[in-house]
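Single-letter residue listing:
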Amino acid sequence: MKKFILVSLIPLSVFANNFNDQIQIYIDQLKVEAKNIDPNFNDFDSKRGEEIFTSKHIGKKGQEISCTSCHNLDLTQEGKNVFTNKVIKPLSPTANKERLISVKEVEKWLRRNFKDVYLKEGNAIQKGDVLYYINTK
Ligand code: HEC
């Protein structure tokens with residue numbers, strides 16, 4: 001019985017976090033930075049990521065927005081850029097195979113989008129948390 005439980009837990013933990021190799025290396029780098037920010041840091045947390053993604057803040061152009069303002073509360077659906085009205089394809093990697101595959105894209109947009117909503121760049125813990133959250137969608 002014990003053996004069965006152990007074996008059945010392993011694949012679950014792998015699937016919970018199935019980033020591609022490139023993104024996984026980026027996540028591991030963020031973890032090193034996170035440890036420097038908080039010595040008690042253990043792992044990123046999609047619950048904290050949800051808060052980062054859904055909470056509203058006075059952002060760009062003095063407008064109260066959240067990440068969901070452009071990306072939709074349901075990440076499997078299209079969003080719309082609140083500033084340009086352009087349609088944004090779903091952010092969910094399940095709904096959109098192009099998501100979370102390129103570190104260059106992810107870094108660029110996290111930098112821009114944190115500034116849009118929080119008026120400053122996210123730190124390593126915030127970036128990791130929000131990527132874990134997006135990856136659950
Ligand atoms: C003002 C609109 C806007 C807001 C607010 C916004 N985003 Fe974005 N986001 C975009 C656009 C535009 C793109 C690039 C276009 C595309 O990839 O479809 C993008 C792309 C991304 C990507 C790239 C994903 C990939 O692999 O292609 C991530 C990650 C992301 N956003 C996360 C966030 C997070 C986290 C927040 C909140 C801190 C946020 N976004 C808030 C407009 C926004």
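An unreviewed UniProt entry lists the chain under the name DUF1924 domain-containing protein, with Sulfurovum zhangzhouensis as the source organism.

## Some points on the packing of helix H2 (residues 21-37) against helix H6 (residues 124-135)
Viewed as axis vectors pointing N to C, H2 and H6 meet at an angle of 135 degrees, and their least axial separation amounts to 8 Å. What the angle tells us is that H2 and H6 run oblique. When you trace H2 past H6, the crossing you get is left-handed. Residue-level inspection shows Ile27, Leu30, Lys31, Glu33, Ala34 and Ile37 of H2 in contact with H6, the latter providing Ala124, Ile125, Lys127, Gly128 and Leu131.

## Some details on the site of the ligand
Near the ligand you find 23 residues, and of these Cys67, Cys70, Trp109, Asn113 and Val117 are the closest. For the shell around the ligand, the secondary-structure elements that each account for two or more residues are helix H4 (67-71), helix H5 (103-118) and H6. Element by element, the count of residues in the shell around the ligand is highest for H5, at 8 residues.

Rules behind the numbers
- Residue indices begin from 1 for each chain and proceed along its sequence in written order.
- Only residues with pLDDT of at least 70 get local features here, since the model is predicted, and only at 80 or more are side-chain atom pairs given and counted; chain-wide, interface and lining totals rely on the full set of residues.
- Every axis corresponds to a line fitted to the C-alpha atoms, with the helix fit spanning only the stretch in contact, and the corresponding angles, defined between N-to-C directions, vary from 0 to 180 degrees.
- Secondary structure elements are defined from DSSP: runs of H or I of at least 4 residues count as helices, runs of E of at least 2 residues count as strands, and each element is numbered from the N terminus.
- Angles are sorted into four bins: roughly parallel if under 35 degrees, roughly antiparallel if over 145, roughly perpendicular if 65 to 115, and oblique for all others.
- Rotating anticlockwise by less than a right angle from the far helix to the near helix defines a left-handed crossing, while the corresponding clockwise rotation defines a right-handed one.
- Each residue gets a C-beta atom placed from its backbone, and two residues are in contact if those atoms lie within 7 Å.
- Nearness is defined per residue: the C-beta atom, placed using the backbone, must lie within 6 Å of the molecule or strand.

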